[in-house]
Amino acid sequence: MEQAGKTPIWFWIVGIFALLWNGMGVGAYAADIMMTAEDFARLTEAEQNLLANRPFWVTAAFAVAVIAGFFGSVMLLLRKPIAVRLFLLSLIAVLIQFSSYFVLDGYADYISKTGWWMPISIPVLAVLFFFFARWADKNGIFRIN
């Protein structure tokens, strides 16, 4: 049973998980944009083609998704209502980014060979984080001292 006026422990568990998950996303984005020529050469030919032909909007959506998700997680842990908007922005950017798998040639084929775990879990978690933050806002979690 929860004590009145106290933030439940499971809220902190979800918030820390969101922060770690989105922190890994920021790390993945940083690794992507700081890839050296040697790193690029170690990729498979299919991966090299996908990265070389990736439109700017996919990379931009990736950046917005992970940065908004990370700061949304921070604001969630600080119990600030802006977390809802940041997670919504992250979700929209994730949907834009992942739409490339179905719009651009080669992505769906590449993903089908490497597995759908991340392409499914990322949008699902983006949706869940948004709804969790919205639920927390509507249920007064952000107003607890």
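Everything quoted here is computed from the prediction, not taken from an experiment.

**Observations concerning the overall build of the chain**
Thought 1: Scanning the chain for helices and strands turns up 7 helices and 0 strands.
Thought 2: When its helices and strands are written in sequence order, the chain yields α-α-α-α-α-α-α.
Thought 3: Accessible area for the chain stands at about 8,900 Å²; split by element, carbon and sulfur atoms hold 68% of it.

**With respect to the nonpolar core**
Thought 1: Ranked by size, the top nonpolar core spans 22 residues in total, and within it Phe-11, Leu-76, Ala-83, Phe-87, Phe-129, Ala-133 and Phe-142 carry the most contacts.
Thought 2: Looking at this core, the elements with two or more residues in it are helix H1 (9-33), helix H4 (56-77), helix H5 (82-103) and helix H7 (117-138).
Thought 3: If sequence neighbours within four positions are ignored, Phe-11 has contacts with Leu-76, Arg-79, Phe-132, Ala-136, Ile-141 and Phe-142.

**Notes on the packing of H1 against H4**
The axes of two packed helices give the description: the angle between them and the distance between them.
Thought 1: Contact geometry for H1 and H4: axes closest at 8 Å, N-to-C directions at 150 degrees. Classified by the angle between their axes, H1 and H4 sit roughly antiparallel to one another. Here H1 and H4 pass one another in a crossing that is left-handed.

**Some remarks on the pattern of salt bridges**
Thought 1: In total, this model carries 2 salt bridges according to the counting rule given.
Thought 2: Across the pair Arg-54 and Asp-32 runs a salt bridge, and its minimum N-O distance is 2.9 Å. With Arg-54 in the loop between helix H3 (45-52) and H4 and Asp-32 in helix H1, the pair connects residues that are 22 residues apart, well separated along the chain.
Thought 3: What makes Arg-54 partly exposed here is its relative accessible area of 22%.
Thought 4: For Asp-32, a relative accessible area of 16% corresponds to the buried category.

**What about a nonpolar patch on the surface?**
Thought 1: A cluster of nonpolar side chains, contributed by Phe-102, Val-103, Trp-116, Ile-120, Val-124 and Leu-128, occupies part of the molecular surface with about 610 Å² of accessible area.
Thought 2: Only H5 and H7 provide two or more residues apiece to the nonpolar patch.
Thought 3: Broken down by element, the nonpolar patch gets its largest block of residues, 3 residues, from H7.
Thought 4: Relative to the assigned elements, Phe-102 resides in helix H5.

Thresholds applied
Residues numbered from 1 in each chain as written. Predicted model: local features only at pLDDT ≥ 70, side-chain atom pairs only at ≥ 80, totals over all residues. Heavy atoms only, no water. Helix = DSSP H or I, 4+ residues; strand = E, 2+ residues; numbered from the N terminus. Areas by Shrake-Rupley, 256 points an atom, 1.4 Å probe, with all protein chains shown as cover. Core = buried A, V, L, I, M, F, W, Y, C linked by side-chain atoms within 4.5 Å. Buried < 20%, exposed > 50% of the residue type's maximum accessible area, 1.4 Å probe, protein only. Contact = heavy atoms within 4.5 Å. Axes fitted to C-alpha atoms, helices over the stretch in contact; angles between N-to-C directions. Parallel < 35°, antiparallel > 145°, perpendicular 65-115°, else oblique. Left-handed = near helix turned anticlockwise from the far one by under 90°. Salt bridge = Lys/Arg side-chain N within 4 Å of Asp/Glu carboxyl O. Patch = residues over 30% accessible without salt bridge, like charges linked within 9 Å, V, L, I, M, F, W, Y side chains within 5 Å.

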